[in-house]
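Listed below, chain by chain, are the residues.
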Amino acid sequence: PLSVCLFLVTVSTGAGFVLWEHRARAPLLDLSLFRKISFTAGLASGLLSYLVLFGTMFAVPFFLERGRHMNPGQAGLVLTALPLALGCAAPFADRLAERVGPRPLTVAGMLITAFALAVVGLGQPPGWLLVCELGLVGVGLGMFTPANNSAIMSSVPRSHAGAASGVLNMTRGLGTALGLALTGLVFGAAAGQTSLSPDTNGFKVAVLFLAGVAALAALLAATRGGSEPFHTTGQAFQGITVAPD
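The structure presented is a predicted model; accordingly, all values stated were derived computationally and were not measured. (Residues numbered from 1 in each chain as written. Predicted model: local features only at pLDDT ≥ 70, side-chain atom pairs only at ≥ 80, totals over all residues. Heavy atoms only, no water.)

Engineer: Where do I start with a nonpolar patch on the surface in this structure?
Structural biologist: On the surface, Val4, Phe7, Leu8 and Val11 cluster together to form a nonpolar patch covering roughly 410 Å² of accessible area. As for its position among the elements, Phe7 is in helix H1 (residues 2–23). Residue classification places Phe7 among the exposed positions, given a relative accessible area of 55%. (Patch = residues over 30% accessible without salt bridge, like charges linked within 9 Å, V, L, I, M, F, W, Y side chains within 5 Å. Areas by Shrake-Rupley, 256 points an atom, 1.4 Å probe, with all protein chains shown as cover. Salt bridge = Lys/Arg side-chain N within 4 Å of Asp/Glu carboxyl O. Helix = DSSP H or I, 4+ residues; strand = E, 2+ residues; numbered from the N terminus. Buried < 20%, exposed > 50% of the residue type's maximum accessible area, 1.4 Å probe, protein only.)

What follows is the structure, encoded as C-alpha cells:
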C-alpha cells in the first residue's frame, strides 16, 4: 500500500509540475525542449541505460555469492569487469562519435549490452566467461554513454544549457533508483515463484528483464535522427563547459 500511495503521489505531483510550468512566465524548465526528438529520445534512452547499469550491478553479487558461493571479495572482483570495461571504452567512443555521429554508437552500444545480458541470463556461464560477458556489457555502455550525453547537450540552444544539464543529471539519479527498485522487484518475484534455486532463477529472470530494457534503449536511440550536426559537449558549449582535451 505504501508503494502504491507513493506512486500516485509521484504521478499527481509530476502532472501538477507540468501544468505549472506551462502557465509560468519564467518556467524552471522550458518544456518546449522536449519537442525535439534528439533531446527526448536521448534522455529516455539514457535513463534506461542507467537502469540497466545499476540493475546489473545490483543483481550480479546476489548470484555470485548465493548461487556460486563466492565470498564478497571474489564477487566484487568479478563485478569490477563491468565498470573497468566501461571506463576503457568511453574515451574511444567519445572520439569516434565526432566522426560517425551519436546514433550508430548509441544504438550499437545498447544492442551489445542487450546481447551480453541475454547470454548471461540464458546460459549462466562459469566464472571466467561471466567476467568476459560483464566486460562486454561495460563496453556497450561505454560506447553509449558519452555519445548520448554529448548529443543531448548539443541538441539544445546554448541559453538552455543549464536546464538541459540539470535534466540530464536528474535522469541519472532516476535511472539509478529505478534500476535498483525494478531489478529487485523482478528478482524477488521470480525467486519466490519457482522450485528451482531461488537465487539462480531470480538472477536469470532479472538479467533477461535488463536485456529487454537495453533493447528498448537501443530502439529509442535509433529514433533520434541523424541529420543534425554533432559536436562533443565541450565544443558545443565552449566557455560553459570544458572540452575533454
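Engineer: It is not clear to me how unusual backbone geometry should be interpreted in this structure. Could you clarify?
Structural biologist: Note: most residues except glycine have negative phi, and most peptide bonds are trans. In this model, His69 sits at a positive phi of 60 degrees, which is unusual for a non-glycine residue. Position of His69 among the secondary structure elements: in the loop between helix H2 (37–67) and helix H3 (72–79).

Engineer: What's the story with the side chain of Thr145 in this structure? I'm lost.
Structural biologist: Tracing the backbone through its elements, the reader meets Thr145 in helix H6 (residues 127–154). Looking at Thr145, the relative accessible area reads 18%, which means it is buried. At a separation of 2.9 Å, a polar atom in the side chain of Thr145 contacts the main-chain carbonyl oxygen of Leu141. (Polar contact = N/O pair within 3.5 Å; in protein donor to acceptor, adjacent residues only side chain to side chain.)

Engineer: Help me understand the packing of aromatic side chains in this model?
Structural biologist: A ring pair, where both rings are aromatic, is described by two values, the distance of the centres and the angle of the planes. Going through the model one piece at a time under the given rule, you end up with four aromatic pairs. Here Phe62 and Phe187 contribute two aromatic rings whose centre-to-centre distance is 5.6 Å and whose plane-to-plane angle is 45 degrees, an arrangement assigned as tilted. Highlighted residues: Phe62 in helix H2 and Phe187 in helix H7 (residues 161–191), separated in sequence by 125 residues. Judged by its relative accessible area of 29%, Phe62 is partly exposed. Judged by centre distance (4.2 Å) and plane angle (10 degrees), the ring pair of Phe63 and Phe203 falls under stacked. Of the two residues, Phe63 is situated in helix H2 and Phe203 in helix H8 (residues 198–222); the sequence distance between them amounts to 140 residues. Grouping residues by exposure puts Phe63 and Phe203 together as buried. Members of the aromatic cluster, each reached through a chain of ring pairs, are Phe58, Phe62 and Phe187. (Phe/Tyr/Trp six-rings, centres within 6.5 Å; stacked < 30°, edge-to-face > 60°.)

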